[in-house]
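# Observations on chain architecture
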Amino acid sequence: DVKVTQSSRYLVKRTGEKVFLECVQDMDHENMFWYRQDPGLGLRLIYFSYDVKMKEKGDIPEGYSVSREKKERFSLILESASTNQTSMYLCASSLRERILRANTIYFGEGSWLTVV
Amino acid sequence: AQRVTQPEKLLSVFKGAPVELKCNYSYSGSPELFWYVQYSRQRLQLLLRHISRESIKGFTADLNKGETSFHLKKPFAQEEDSAMYYCALSTLNSGGSNYKLTFGKGTLLTVNP
């Protein structure tokens, strides 16, 4: 069974703090993703990575950066947290499966971040 | 640009009634569509994908390319179907080298007893 683990379930940070959200997957997946989930806005892609040290901007990358030094780990970084970054953050992973295309994405349980 | 539209934020039905959650998409390529579900206090999980043409938990969804729709249907709703449902479209990234999922805004389904 695929396991995507987000180490922090609930965080409260102050405005201006640097925040790290960590995600680890145990299925040797090439692709990893960070989404934020907000009521009425659904899931919006922040960044994704399809290989170690590779990253690509999603739809809302502003205010975020990412790091992928190892295949199993994908970190989301808020350089200077702001109140509008209060949200649920979801990490996900998938096989590349370029040929098959019908890849499924497996999600972590999410990290609730509150910025005060 | 690709887009997924779920026109209903909230949908409420009675147990045993048919349910249809609407999803429309916009994409210039050949679409790959999925439905994901999130039950209360659980992680988001795949419900079904159009390429499999399967029925999961009594739900089905048919891709209609003419209407650019992928509506989710169930003939008889159950209380345990109450959840948030997201329609998602798999699209190529800008470099054309990999795929990513674009989600709709979600529909919260409530099935009343």
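Our structure's up above, just so we're on the same page.
An account of the accompanying structure is given in this report. (Residues numbered from 1 in each chain as written. Chains lettered and ligands numbered in written order. Predicted model: local features only at pLDDT ≥ 70, side-chain atom pairs only at ≥ 80, totals over all residues. Heavy atoms only, no water.)

## Let's talk about the interface of chain A and chain B
What counts, and what does not: The criterion used for residue contact is that any of the two residues' heavy atoms lie within 4.5 Å. What counts as buried area is the accessible surface, traced by a 1.4 Å probe, that two parts surrender upon association, with contributions from both included. Note on definitions: salt bridges are taken to be side-chain nitrogens of Lys or Arg within 4 Å of carboxyl oxygens of Asp or Glu. Pairs of N or O atoms within 3.5 Å make up the polar contacts considered here, provided that, within protein, one atom can donate a hydrogen while the other can accept it, and that residues adjacent in sequence are counted only when both atoms are side-chain atoms. Each helix is a run of DSSP H or I of at least 4 residues and each strand a run of E of at least 2, with the numbering of both proceeding from the N terminus. Side-chain classes follow a simple rule in which Ala, Val, Leu, Ile, Met, Phe, Trp, Tyr, Cys and Pro form the nonpolar group, Asp, Glu, Lys and Arg form the charged group, and the remainder, Gly included, forms the polar group.
The interface is formed by 24 residues belonging to chain A together with 25 residues belonging to chain B. Across the chain A to chain B interface the summed buried area is about 2300 Å²; carbon plus sulfur atoms make up 50%. Here Arg43(B) ties to Glu109(A) by a salt bridge, and the two come within 3.8 Å at their closest N and O atoms. The interface formed by chain A and chain B holds six residue pairs in polar contact (both at pLDDT 80 or more) in total. Among the elements of the structure, strand E4 (31–38) and strand E5 (42–49) of chain A are those that each provide at least two residues to the side of chain A that touches chain B. Residues of the side of chain A that touches chain B, tallied by class, amount to eleven nonpolar, seven polar and six charged.

## Observations concerning the pairing of strand E9 (residues 87–94) of chain A
All names here are of chain A. What counts here: When accessible area is computed with a 1.4 Å probe and restricted to protein chains, residues below 20% of their type maximum are described as buried, those above 50% as exposed, and intermediate ones as partly exposed. Only strands that DSSP links by at least two bridges are regarded as paired with each other.
The buried count for E9 comes to eight of eight residues, which makes it a mostly enclosed element. Here E9 shows a buried face lined by Ser87, Tyr89, Cys91 and Ser93 and a second buried face lined by Met88, Leu90, Ala92 and Ser94. As paired elements, E4 and E9 share seven bridges and run antiparallel to each other. Note that in E9 the partner of Gln37 across the bridge is Met88. Relative to strand E11 (residues 111–115), E9 is paired through three bridges, and the arrangement is antiparallel. Residue pairing across strands places Tyr89 opposite Ser111, the latter belonging to E11. Pairing of E9 with strand E10 (residues 106–107) involves two bridges; the strand directions are antiparallel. The residue of E10 that forms the bridge with Ser93 is Tyr106.

## A short note on the environment of Asn31(A)
All names here are of chain A. Considering the arrangement of structural elements, one finds Asn31 in strand E4. Residue classification places Asn31 among the buried positions, given a relative accessible area of 1%. Sequence separation of Asn31 and Glu56 is 25 residues, and the distance between their C-alpha atoms is 11 Å. Polar contacts involving the side chain of Asn31 include one to the main-chain carbonyl oxygen of Leu95, which spans 3.4 Å.

## A word on the packing of aromatic side chains
Put simply, the rule is: In this scheme Phe, Tyr and Trp rings, the latter by its six-membered ring, pair at centre separations within 6.5 Å, and the angle between planes marks the pair as stacked below 30 degrees, edge-to-face above 60, and tilted otherwise.
Inspection of every chain in the model, using the stated rule, returns eleven aromatic pairs over all chains. Centroid distance Tyr86(B) to Phe103(B): 6.2 Å. Interplanar angle 90°. Geometry classified as edge-to-face. Within this pair, whereas Tyr86(B) is found in strand E9 (residues 83–92), its partner Phe103(B) is found in strand E10 (residues 99–103), the two being separated by 17 residues in sequence. Taken as a pair, Tyr86(B) and Phe103(B) share a single burial class, namely buried. Through a chain of ring-to-ring contacts, three or more aromatic side chains come together here, namely Phe33(A), Tyr35(A), Phe48(A), Phe107(A), Phe34(B), Tyr36(B), Tyr86(B) and Phe103(B).

## Concerning the state of the cysteines
What makes a disulfide is a covalent bond joining the sulfur atoms belonging to two cysteines. For clarity, the threshold we go by: The rule for a disulfide is simple: a pair of cysteine sulfur atoms within 2.5 Å.
Considering all chains together, one arrives at two disulfides over all chains under this definition. With its sulfur 1.9 Å from that of its partner, Cys23(A) forms a disulfide with Cys91(A). Sign of the S-S torsion, about -80° for the bond between Cys23(A) and Cys91(A), identifies this disulfide as left-handed. Of the two residues, Cys23(A) sits in strand E3 (residues 19–25) while Cys91(A) sits in strand E9, which places them 68 residues apart along the sequence. Given the relative accessible area of 0%, Cys23(A) is considered buried. Here Cys23(B) connects covalently by a disulfide to Cys87(B), the sulfurs 2.0 Å from one another. Disulfide Cys23(B)-Cys87(B): torsion about the S-S bond near -65°, hence left-handed.

## What about the nonpolar core?
Heads up, the rule is: Only buried residues count toward a nonpolar core, which is a set of Ala, Val, Leu, Ile, Met, Phe, Trp, Tyr and Cys residues joined through side-chain atoms within 4.5 Å.
Among the nonpolar cores identified, the biggest contains 25 residues, and Trp35(B), Leu72(B) and Tyr85(B) are the most heavily contacted of them. Those elements that provide at least two residues to this core are strand E2 (10–14), strand E3 (19–21), strand E5 (32–38), strand E6 (45–49), E9 and strand E11 (107–112) of chain B. Ranked by residues supplied to this core, first place goes to E9(B) with four residues. Core analysis: the next-biggest nonpolar cluster, separate from the first, contains 20 residues, Val4(A), Val19(A), Met32(A) and Phe74(A) among them.

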